[in-house]
Amino acid sequence: MKNILVVGSAGQIGSELTLALRDIYGGGHVVAGVRKTRPSEKLVETGPCEVVDALDTDALVSVVDKYKIDGIINMAAILSGTGEKNPMLAWDVNMNGLINILELARERRMKQVLVPSSIAVFGPTTPVDNTPQETILKPTTIYGVTKVAGELLGDYYVKKYGLDVRGLRYPGIISHETLPGGGTTDYAVAIYYDAIRQKRFTCFVDDYTRLPMMYMPDCLKATIDLMGADFDKLSHHCDYNVGAMDFTVADMVVSIKKHIPDFEITYEPDYRQEIADSWPNSVDDSAARQDWGWKPDYDLDAMTADMLKAIGEKHEKSLI
Ligand code: AKB
C-alpha cells in the first residue's frame, strides 16, 4: 500500500494507529479521517487530516481521490455500551459505513481493507475459556451482531471479488493516549485514571468479571503485523482471535495496589454487566500465532506499571 486512509482516526485505537502507520509509511501517506471530533495536535501536525464520515459516500470518494488512497482502515464504530442505548445508530454506522468502504475499495481495486472485529462476536452460548477460533457466534448485543455480519461481509468480499480484507477480534484495549468511548471494557481504562486522580474507583461491572484484554502497544503490533502478513499464509481473513492477557477486576485492584496501596474500589454493576458476562474469559489465538507470528509482550503488571506512570505524568502536568 502507498496511501492509507484511517477512518475513525480520532478514536482510541485510530489515533495511535494513525501515528504508528505514519512512522512506517511516512506522514503524507497516511490520512487521518476524522468525523466531528477535534483531532489531537499530534494527528494534525504529523500528516493530512480530513473530515470523513463513513456514511457520507461523497466525502469518502473525494478524500480517496484526492490522496490516491489504495488502502483503508475502518476504525469507525459504535461500541457495545452505546449500541445498546441506540441500536439503530449502531447498525447504521457499523454496517452501512462498512459496506460503503468495502464497495469503494472494490470499485477502486484497492490493495487492502482492514476491518476490526471484536470479542463481542461471541455470546452466552460460546465456550468461555480459551474460546476457539471456530465456534458459536450468537452475540446478544447489537454491536456483536454487526461485528459478526462485518466479519462475514469482509470474507464475502475476499471470496467474491478477490479484495484483500483483513480483521482481528480485538479484546478490550487499554491505553493512556485517547480515552475509549461507549464500550463495556472501558472500565479497564477508567480504573487507572481514577486511581491516579482520586485513589478510588466505582466500577460498573462486578469484581469477578474476567475478560480478555490487551495493552495498546500489543494492539498496534497485532494490527500492523496482520496488515503486513503474506496473504497466501492467511487461513482466515476478517476474524482472527488475538489474545494477550485476561484478568478479573479484582486482579486489577491487586495490581494497582502494588503502586497505590490505599487504592479503593466499589462496585455498582449496571446494564454492561450482562454484556460482559456474555463474552469469553479468554481466547485461543493459535491461528494468529501460526499464520502471522502473533505474540503479545505485555501482562497485567507490566501494563499497570506503564499506565500509572503515563497517567501520573499527565496528572502532574494537569493534562487530565
Ligand atoms: C467494547 O467494550 O464494546 C469494545 C470491544 C470489546 O469491542 N471495547
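Draft legend 1. Just empty space enclosed by the protein, in detail. What the rule picks out here adds up to one cavity of 30 Å³ or more. Every residue lining the largest cavity is counted, 14 residues in all, and those nearest its centre are Asn94, Leu98, Val115, Pro116 and Lys147. Of all elements in the fold, only helix H5 (87-107) and helix H6 (142-161) reach the threshold of two or more residues within the lining of the largest cavity. Counting residues per element, the lining of the largest cavity draws most heavily on H6, at four residues. Considered class by class, the residues forming the lining of the largest cavity number seven nonpolar, five polar and two charged.

Draft legend 2. Quick look at the domain arrangement of the protein. For the protein, the domain assignment lists domain 1 (4-171 + 215-241) and domain 2 (173-213 + 244-281 + 299-319). The gap between the C-alpha centroids of domain 1 and domain 2 is 25 Å. Listed per partner, the contact involves 28 residues of domain 1 and 25 residues of domain 2. When domain 1 packs against domain 2, the two sides together hide about 2300 Å² of surface, and 61% of this comes from carbon and sulfur. Contact with domain 2 buries surface across domain 1, with Gln12, Pro171 and Tyr215 losing the most and accounting together for 36% of the total. At the junction of domain 1 with domain 2, the criterion picks out one salt bridge. Across the domain 1-domain 2 interface, the total number found is 13 residue pairs in polar contact (both at pLDDT 80 or more). Secondary structure elements with two or more residues in the side of domain 1 that touches domain 2: helix H1 (12-25), helix H4 (80-85) and helix H8 (216-228).

Draft legend 3. The arrangement of H5 in detail. With 21 residues, H5 extends 29 Å between its outermost C-alpha atoms, agreeing within 8% with the 30 Å of an ideal straight helix rising 1.5 Å per residue. Positioned one or two residues after H5, Arg109 has a phi angle of 50°, which is positive.

Calculation rules
- Residues numbered from 1 in each chain as written.
- Predicted model: local features only at pLDDT ≥ 70, side-chain atom pairs only at ≥ 80, totals over all residues.
- Heavy atoms only, no water.
- 1 Å grid on protein atoms, 1.4 Å probe; cavity = no way out; pocket = protein on both sides within 12 Å on 5 of 7 lines; lining within 4 Å.
- Points joined across faces, edges and corners; volume = space filled by probe spheres on them.
- Helix = DSSP H or I, 4+ residues; strand = E, 2+ residues; numbered from the N terminus.
- Nonpolar A, V, L, I, M, F, W, Y, C, P; charged D, E, K, R; others polar.
- Domains from an automatic or database assignment.
- Contact = heavy atoms within 4.5 Å.
- Buried area = accessible area lost by both parts, 1.4 Å probe.
- Salt bridge = Lys/Arg side-chain N within 4 Å of Asp/Glu carboxyl O.
- Polar contact = N/O pair within 3.5 Å; in protein donor to acceptor, adjacent residues only side chain to side chain.
- Expected span 1.5 Å × (residues − 1).

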